[in-house]
Structure formats: C-alpha cells, structure tokens
Amino acid sequence: MTVNKQSVYLQIADDFKRRIDLGLLREGERLASCRELAFKLGINPNTVQRAYSALEEQGYIYTIPKKGIYVSERNGKNSVEKTAKEKIAELYQAGLPRETLLTIIDEIYGEKYD
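Residues numbered from 1 in each chain as written. Predicted model: local features only at pLDDT ≥ 70, side-chain atom pairs only at ≥ 80, totals over all residues. Heavy atoms only, no water.

**Student:** Explain the pattern of salt bridges here, please?
**Tutor:** Close approach of charged atoms lets side chains of opposite charge pair. Taken as a whole, this structure holds 3 salt bridges when the rule is applied. Note that Asp-14 is salt-bridged to Lys-17, the shortest N-O span being 3.4 Å. Taken together, the positions of Asp-14 and Lys-17, both in helix α1 (residues 8–21) and 3 residues apart, correspond to about one turn of that helix. Classification of Asp-14 as partly exposed rests on a relative accessible area of 32%. (Salt bridge = Lys/Arg side-chain N within 4 Å of Asp/Glu carboxyl O. Helix = DSSP H or I, 4+ residues; strand = E, 2+ residues; numbered from the N terminus. Buried < 20%, exposed > 50% of the residue type's maximum accessible area, 1.4 Å probe, protein only.)

If you want it as structure tokens, here you go:
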C-alpha cells in the first residue's frame, strides 16, 4: 500500500481538477456543500473548505452565496480531449491504421471488444 504524503485538502482539490479537466464535472454543475462532502468522505468540513478555496483561487469553481458551489467555465476546457485528438491526428498522418489504434486503446483500457 502506498502512502500519499500530500495534504488531504490537496488530494481533494487535485481529484476535482482531474474530474473537471476530463469533463466528468461540467461547467455550471453544482457541487456538494462542504458539509455534505466532508460527511461523505469522513473528514472535517474545514478540510473540504480549504480544498474548495484552492479550487476557487485557481478558477476551477465559483461560489454563489446561499446558492452553492459550481464548476467554472474553463478557458482550457476539454484540453485533455483536444490533446487526444491532436495526437490521434498525428498518428493518422503517420499512417497508423485505425484498427491498430483501436487495438492499442483496448490494451490501455484493459478491455477486449469482439
């Protein structure tokens, strides 16, 4: 078992950043309140508040007082998707067959399709 030496609030913030960057959390989506998330994770609400504050400072989320916490519009939204498309276009231009690319994707994701 690996021990993560990163602060819990940073782990939470990094997880949210990853999910936002991947598009799993979308612009305008309402997030759980600090208390709700803290209860779900079994941690102190102040830890969640610290993570949310860090995310807000970095522009990932915004707060509407007495309404909730929401995912911000991101200038670089879909950056992961854009990078994937660029890399696939490079592979296409290099002559990699579609079937080979799909095989590679299946290997990476660990799934086999018939």
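**Student:** I tried to follow the nonpolar core on my own but got confused; where do I start?
**Tutor:** Counting 19 residues, the largest nonpolar core has Phe-16, Leu-31, Tyr-52, Leu-55 and Ile-61 as the members making the most contacts within it. Among the elements of the structure, α1, α2 (34–41), α3 (45–57) and β3 (68–71) are those that each provide at least two residues to this core. Sequence-distant contacts of Leu-31, defined by excluding residues within four places in its chain, comprise Phe-16, Leu-25, Tyr-52, Ile-61, Ile-69 and Val-71. (Core = buried A, V, L, I, M, F, W, Y, C linked by side-chain atoms within 4.5 Å. Contact = heavy atoms within 4.5 Å.)

**Student:** Whenever I open this one, the sheet that holds strand β2 (residues 61–64) confuses me. Can you help?
**Tutor:** In any sheet, the strands associate via hydrogen bonds between backbone groups, in a parallel or an antiparallel arrangement. The antiparallel open sheet is built from 3 strands, whose spatial order is β1-β3-β2. Of all strands in the sheet, those with a lone pairing partner are β1 (30–31) and β2, marking the two edges. Pairing of β2 with β3 involves 4 bridges; the strand directions are antiparallel. Along β3, the bridge assignment pairs Tyr-62 with Tyr-70. Sitting on the sheet, α3 touches β1, β2 and β3, and the angle it makes with β2 is about 110°. (Pairing = 2+ DSSP bridges. Axes fitted to C-alpha atoms, helices over the stretch in contact; angles between N-to-C directions.)

**Student:** What am I meant to see in the packing of aromatic side chains here?
**Tutor:** For any pair of aromatic rings, the description consists of the separation of the ring centres together with the inter-plane angle of the planes. A full pass over the atoms with the stated rule returns 2 aromatic pairs. Where Tyr-62 meets Tyr-70, the ring centres are 5.7 Å apart and the plane angle is 25°; that geometry is what we call stacked. Judged by its relative accessible area of 16%, Tyr-70 falls in the buried class. Of note, Arg-19 hangs over the ring of Phe-16, and the distance from its end group to the ring centre comes to 4.7 Å. (Phe/Tyr/Trp six-rings, centres within 6.5 Å; stacked < 30°, edge-to-face > 60°. Lys NZ or Arg CZ within 6 Å of the ring centre and 35° of its normal.)

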